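Take a look at the letters that make up each chain.
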Amino acid sequence: MKSLFVCLLLALAGQTLGQSQEEFVEYLLEIQYQAEAIHQLMEGTFDNVRFSMSDQLVELNRQLISRMNDALEEVEQIREDTEAFVGESSAPASCVNVAVANWEIEIDWVGQALSRCASQANIQITSRTADVHAALEAAQVESTELQNIVVRGFIDWNAIDYTEQISAIVGAQINDKYDYFTRITQPTLERVLQAIFDLDDNLLPEIVTCVDRGVERFNNYGRVIRDTLFFCSQ
């Protein structure tokens, strides 16, 4: 913003002012400081939202990946144990064939089930993240508009001799933008960010349950095979 004010000063240098050049520069810098302080507040808020969202999503993904990896290991262990049991079974071949007829289908099913769980998580995370980005984008427009307010104050109104009037006009718009930011924009950003934090309490248990069900079904099928072959061997 400082470079804009330097340009304005150069453009206005030839005009007659009721104040000294030093006083006018001080006046411009005062308005600039007022706008820039609010601008920095906004930008700081945006940075905090981005950082908080990123930090929370990293932790959420870490937990989801950890559970998914554990599930894959469980599935692999169930598969190995079941196939070892089948290979060592003394049950008649006809019984074995019946017992394991759908074994490959179940292996494929559990893989698809875990994939659906991951997709479900991704859809919800992407949706919440998009909401935050949309809110940030809208808020960024306000931040840019705040800078434009000051520039327009000296371009749109050709009355720079009346610095008190211009100060009132520009200052009121700056204050309005700050008031809107604190009453509307900031609470909106906090609300969409909270939706990201709520994923730990809402989405994570839901996905873990989804994964657990897939593993449990596969485990139950393996148990049925073992029980069937044990019965046939008696």
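Above: the structure in question.
Bear in mind the structure is a predicted one, so any value in this text is a computation, not a measurement. Counting restarts for each chain, with residues numbered from 1 along the sequence as it is written. Only residues with pLDDT of at least 70 are given local features in this predicted model, and only at 80 or more are side-chain atom pairs given and counted; all residues enter the totals for whole chains, interfaces and linings. Each side-chain value is derived from all of the structure's non-hydrogen atoms; neither hydrogens nor water enter the calculation.

Draft legend 1. The side chain of Gln56, seen in detail. Position of Gln56 among the secondary structure elements: in helix α2 (residues 21-88). For every residue, the accessible area (1.4 Å probe, protein chains only) is compared with the maximum for its type, and the residue is labelled buried under 20%, exposed over 50%, or partly exposed between those bounds. Looking at Gln56, the relative accessible area reads 11%, which means it is buried. Ignoring sequence-local partners within four residues, the contact set of Gln56 consists of Ile196, Phe197 and Asp200. Elements are defined by DSSP. Helices are runs of H or I of four residues or more, strands are runs of E of two residues or more, and each kind is numbered from the N terminus. A contact between two residues is defined here by any heavy atoms of the two lying within 4.5 Å.

Draft legend 2. Looking closely at the packing of aromatic side chains. Two rings from Phe, Tyr or Trp (for Trp, the six-membered ring) form a pair when their centres are within 6.5 Å of each other. A pair whose planes differ by under 30 degrees is stacked, one over 60 is edge-to-face, and the rest are tilted. In total, this model carries three aromatic pairs according to the counting rule given. Between Phe46 and Phe181, the ring centres sit 6.2 Å apart and the planes meet at 75°, which makes this aromatic pair edge-to-face. Here Phe46, found in helix α2, pairs with Phe181, found in helix α5 (residues 163-197); they are 135 residues apart in sequence, far enough to count as distant. Judged on exposure class, the residue Phe46 and its partner Phe181 are both buried. Centre to centre, the rings of Trp103 and Phe218 are 5.1 Å apart; their planes meet at 20°, and the pair counts as stacked. Of this pair, Trp103 sits in helix α4 (residues 103-155) while Phe218 sits in helix α6 (residues 203-233); the two residues are 115 residues apart in sequence, bridging distant segments of the chain. Here Trp103 and Phe218 have matching classes, each one buried. Counting every residue linked through ring pairs, the aromatic cluster contains Trp103, Phe218 and Tyr221. When the ring centre of Trp109 is taken as origin, the NZ or CZ atom of Arg217, which lies over that ring, is 3.8 Å away. Distance and angle both matter: a charge sits over a ring if NZ of Lys or CZ of Arg is within 6 Å of the ring centre and within 35 degrees of the ring normal.

Draft legend 3. Seen up close, the state of the cysteines. Disulfides are defined as cysteine sulfur pairs within 2.5 Å. Within the structure shown, the criterion is met by two disulfides. Between Cys95 and Cys232 runs a disulfide, and the two sulfur atoms are separated by 1.9 Å. Given an S-S torsion of about 70°, the disulfide between Cys95 and Cys232 has right-handed geometry. Of this pair, Cys95 sits in helix α3 (residues 93-99) while Cys232 is found in helix α6, placing the two residues 137 residues apart along the sequence. Here Cys95 falls in the buried class, since its relative accessible area comes to 12%. Each disulfide pairs two cysteine sulfurs, and for Cys117 the partner residue is Cys210, the sulfurs being separated by 2.0 Å. Because the torsion about its S-S bond is -85°, the bridge between Cys117 and Cys210 counts as left-handed. Of this pair, Cys117 sits in helix α4 while Cys210 sits in helix α6, placing them 93 residues apart in sequence.

Draft legend 4. Looking closely at the nonpolar core. Definition used in this section: a nonpolar core is a set of buried Ala, Val, Leu, Ile, Met, Phe, Trp, Tyr and Cys residues joined via side-chain atoms within 4.5 Å. One finds Ile174, Val211 and Leu229 to be the most contacted residues of the largest nonpolar core, which totals 49 residues. Sorting the residues of this core by element identifies α2, α3, α4, α5 and α6 as the ones contributing at least two each. At 15 residues, α2 tops the list of elements feeding residues into this core. Excluding its chain neighbours within four sequence positions, the residues that come into contact with Val211 are Arg67, Met68, Ala71, Leu114 and Cys117.

Draft legend 5. Structural detail: the pattern of salt bridges. A carboxyl oxygen of Asp or Glu within 4 Å of a side-chain nitrogen of Lys or Arg is what we treat as a salt bridge. Enumeration according to the criterion identifies eight salt bridges in this entry. Asp47 serves as the salt-bridge partner of Arg50, at 3.3 Å between the closest nitrogen and oxygen. In this pair, Arg50 and Asp47 both sit in helix α2, three residues apart, roughly one turn of the helix. Using a relative accessible area of 34% as the deciding quantity, one classes Arg50 as partly exposed. Taking relative accessible area as the criterion, Asp47 reaches 45% and is therefore assigned partly exposed. One salt bridge in this structure joins Asp179 and Arg183, with 2.7 Å as the shortest N-O distance. Linking Asp179 with Arg183, this pair stays in helix α5, spanning four residues, or about one helical turn.

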